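# Observations on the model geometry
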Amino acid sequence: MSSPKDLGPRVNEQIRSPKVRVVDENGKQMGVFITAEAIRMARSRGYDLVEVAPTADPPVCRFIDYDKYRFEMAKKAKEARKNQTVIEVKEIRLRLGTDVHDMETKIKKMREFLEDGNKVKVTLRPRGRERALEEQIRQKLLSIAEKLSDVGQIEQDVRAEGRNFYFMIGPKKKKEATKDGKTEEQQDSGETL
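This is a predicted model, so every value here is computed, not measured.

Definitions and limits used
- Just so you know, the residues in each chain are numbered from 1, in the order the chain's sequence is written.
- Totals for whole chains, interfaces and linings use every residue, but because this is a predicted model, local features are given only for residues with pLDDT of at least 70 and side-chain atom pairs only at 80 or more, for both listing and counting.
- Water and hydrogen atoms were dropped before computing side-chain values, which therefore reflect all heavy atoms in the structure.
- Here, a salt bridge means any Lys or Arg side-chain nitrogen found within 4 Å of an Asp or Glu carboxyl oxygen.
- Every helix listed is a DSSP run of H or I at least four residues long, and every strand listed is a run of E at least two residues long, numbered separately from the N terminus.
- A 1.4 Å probe rolled over the protein chains alone gives each residue an accessible area, and that area as a share of the maximum for its type sets the label: buried under 20%, exposed over 50%, partly exposed in between.
- Each polar contact in these results corresponds to two N or O atoms within 3.5 Å; when the atoms are within protein, one needs to be able to donate a hydrogen and the other to accept it, and residues that are neighboring in sequence are counted only if both atoms are side-chain atoms.
- In what follows, a contact means two residues having at least one pair of non-hydrogen atoms within 4.5 Å.
- Strand pairing is assigned whenever DSSP identifies at least 2 bridges connecting the two strands.
- Angles here are taken between N-to-C directions and fall from 0 to 180 degrees, while the axes themselves are lines fitted to C-alpha atoms, restricted in helices to the stretch in contact.
- Definition of nonpolar core: a set of buried residues of the types Ala, Val, Leu, Ile, Met, Phe, Trp, Tyr and Cys, connected through side-chain atoms within 4.5 Å.
- Stacked, tilted and edge-to-face pairs are distinguished by plane angle, under 30 degrees for stacked and over 60 for edge-to-face with tilted covering the rest, among Phe, Tyr and Trp rings (Trp via its six-membered ring) whose centres lie within 6.5 Å.
- By the criterion adopted, a ring carries a charge over it if an Arg CZ or a Lys NZ lies within 6 Å of its centre and within 35 degrees of its normal.

Think of it this way: side chains of opposite charge can pair up when their charged atoms draw near. All chains considered together, the criterion is met by 10 salt bridges. Among the salt bridges present, the one from Arg-10 reaches Glu-51, with a minimum N-O distance of 3.0 Å. Of the two residues, Arg-10 sits in the segment before strand E1 (19-23) while Glu-51 sits in strand E3 (residues 48-53), which places them 41 residues apart along the sequence. Taking relative accessible area as the criterion, Arg-10 reaches 27% and is therefore assigned partly exposed. We note a salt bridge from Glu-88 to Lys-90, for which the minimum N-O separation is 3.4 Å. Among the residues examined, Glu-88 registers a relative accessible area of 43% and is labelled partly exposed.

Here's what the structure looks like:
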């Protein structure tokens, strides 16, 4: 198991090379120095010696306040995670004989999932002799997709997987408004908001 120090760039005494090319805190090249001498120079200026190009010959090291550098990198990573969207795949299971009211309830739930930005996998598992009714199964699944066409679009057509039949539906892309506040569709038809 590696220690946490092995995860980032090598700093100060972790640098293994006997000689290093040094770049100061302003980006100015200072030349090639013995590693111990470069570490001493960095500390005298209040910085750490950080290896930025370990594959170069000799390795390139820079004077950096390493704690501040790590803090900035952690802050950037946190900001990137905050801005990313996570799309989940929700699954709804049906039977060929699912009643009308139960089907409406499931469609309502699928609509909520799609409006929240999640994908939905709709699975229908026939029982016994129902497996011979493949065309009816496909029609039922396609009718569900049609009812959800205002909030979602089919990403995977109806497929058979073992005994199950399924399709994937994802949220529709929202149309962005143009400079004058109208969507592209409204501009074409002359409608206003």
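Having seen the model, we can carry on.
With that out of the way, let us pick up the side chain of Asn-118. Mapping Asn-118 onto the fold places it in the loop between helix H3 (100-115) and strand E6 (119-124). Exposure remark for Asn-118: the relative accessible area of 10% places this residue in the buried category. Within polar-contact distance, the side chain of Asn-118 engages the backbone nitrogen of Glu-88 at 3.3 Å. With residues near it in sequence (within four places) discarded, Asn-118 still touches Val-86, Ile-87, Glu-88, Lys-90, Phe-113 and Pro-171.

In this section: the sheet that holds E1. As a general point, the strands of a sheet are linked pairwise by backbone hydrogen bonds and lie either parallel or antiparallel. Pairing in this open sheet of 4 strands is mixed, and the strands run E2-E1-E4-E3 from one edge to the other. For this open sheet the edge positions go to strand E2 (29-34) and E3, each flanked by a neighbour on one side alone. Geometrically, the sheet is characterised by an average inter-axis angle of 35° between neighbouring strands, direction not taken into account. Here 5 bridges tie E3 to strand E4 (residues 60-64), and the two strands are oriented antiparallel to one another. By the bridge assignment, Glu-51 is partnered in E4 with Cys-61.

Turning next to the nonpolar core. One finds Leu-94, Met-110, Val-120, Val-122, Leu-141, Ile-144 and Phe-167 to be the most contacted residues of the largest nonpolar core, which totals 21 residues. Counting residues per element, the ones that place at least two in this core are strand E5 (89-94), H3, E6, helix H4 (134-147) and strand E8 (164-171). For this core, the element with the highest residue contribution is H3, accounting for 5 residues. Ignoring any residue separated from it by four or fewer positions in sequence, one finds Leu-141 in contact with Leu-94, Val-122, Leu-124, Val-158, Phe-165, Tyr-166 and Phe-167.

What follows is about the sheet that holds strand E7 (residues 152-161). The strand order across the open sheet formed by 4 strands is E5-E6-E8-E7, and the pairing between neighbours is mixed. In the strand order of this sheet, the two ends are held by E5 and E7, each with one partner. Between one strand axis and the next, the sheet turns by 20° as a mean value, whatever way the strands run. With 5 bridges connecting them, E6 and E8 associate as antiparallel partners. By the bridge assignment, Leu-124 is partnered in E8 with Phe-165. Against the sheet, H3 engages E5, E6, E7 and E8, with an angle of about 170° to E5.

The next thing to look at is the packing of aromatic side chains. Summed over all chains, the structure comprises 1 aromatic pair. The aromatic ring of Tyr-166 is capped on one face by Lys-121, whose charged end is 4.7 Å from the ring centroid.

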